[in-house]
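So the chains spell out like this:
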Amino acid sequence: GNKNINAKLVLLGDVGAGKSSLVLRFVKDQFVEFQESTIGAAFFSQTLAVNDATVKFEIWDTAGQERYHSLAPMYYRGAAAAIIVFDITNQASFERAKKWVQELQAQGNPNMVMALAGNKADLLDARKVSAEEAEQYAQENSLFFMETSAKTATNVKDIFYEIAKRLPRV
Ligand code: GTP
Ligand code: MG
């Protein structure tokens, strides 16, 4: 039969990686060139139909600025899923993503579905992190990896869909 699943999802990642832009694309199918840096965190919800279920994502879009780091556990605690976002044109943002993965592995829900998003995939000429490197890291750490673009919408719905498919069916 049809199931309704509520899933708390948190986005984590460096300042400017594109967390808010991915959410804005997923929830409103919009993109803005000058997205403001998030203060604290922002909440959104969006439903997605997957196989025999309707998943209602309760999305916490956190702030990447370091001064908000201490707030992060409030948002990832109890989360069913996380998207750790980096910018493929910024090596430091990939290193920051790995730190988030370590923190979630140490402090997060052990059954959390974790996705690694290599965002800004439209900026191929400026690429600093190869897809191979990110894919290998993801495999070694039991995450799944996708390159996304909030700007062109590439793989945005898909990453949420892949998460929804991996959620435990209650
Ligand atoms: P904080 O809230 O400060 O942690 O940043 P954030 O991770 O939410 O990043 P945000 O979504 O604000 O995006 C930062 C900048 O990158 C904005 O100017 C966006 O327009 C731009 N941006 C986001 N995603 C993409 C993308 O896929 N491609 C391109 N070209 N630019 C993007
Ligand atoms: Mg933001």
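Position numbers for residues count from 1 along each chain, tracking the sequence in the order it is written. Just so you know, chain letters begin at A and ligand numbers begin at 1, following the order they were written in. In view of the model being predicted, local features appear only for residues whose pLDDT reaches at least 70, and side-chain atom pairs are presented and counted only at 80 or more, with totals across whole chains, interfaces and linings using the full set of residues. Heavy atoms from the whole structure form the basis of all side-chain values; hydrogens and water molecules are not counted.

Asks: Hey, could you run me through the packing of aromatic side chains in this one?
Replies: Working definition: an aromatic ring pair is given by the centre-to-centre distance plus the angle between the planes. Note on aromatic pairs: the rings of Phe, Tyr and Trp (six-membered ring only in Trp) are paired at centre separations within 6.5 Å, and the planes decide the class, stacked below 30 degrees, edge-to-face beyond 60, tilted for the rest. For the structure on display, the rule yields eight aromatic pairs. Plain terms: the ring middles of Phe26 and Phe160 are 3.7 Å apart, the flat faces sit at 5° to each other, and that makes the pair stacked. Residue Phe26 is located in helix H1 (residues 19-28), and its partner Phe160 is located in helix H5 (residues 156-166); the two are separated by 134 residues in the primary sequence. Owing to a relative accessible area of 9%, Phe26 belongs among the buried residues under this scheme. For the exposure calls, accessible area comes from a 1.4 Å probe over protein chains only, and a residue counts as buried if that area is under 20% of its type's maximum, exposed if over 50%, partly exposed in between. Residue Phe160 is classed as buried on the basis of its relative accessible area of 1%. On the basis of an interplanar angle of 80° and a centroid distance of 6.0 Å, the ring pair of Phe94 and Tyr137 is categorised as edge-to-face. With Phe94 in helix H3 (residues 91-107) and Tyr137 in helix H4 (residues 131-140), this residue pair connects regions lying 43 residues apart in the sequence. Classification of Phe94 as buried rests on a relative accessible area of 0%. Under the DSSP-based scheme used, a helix requires at least four consecutive residues in state H or I and a strand at least two consecutive residues in state E, with every element numbered from the N terminus.

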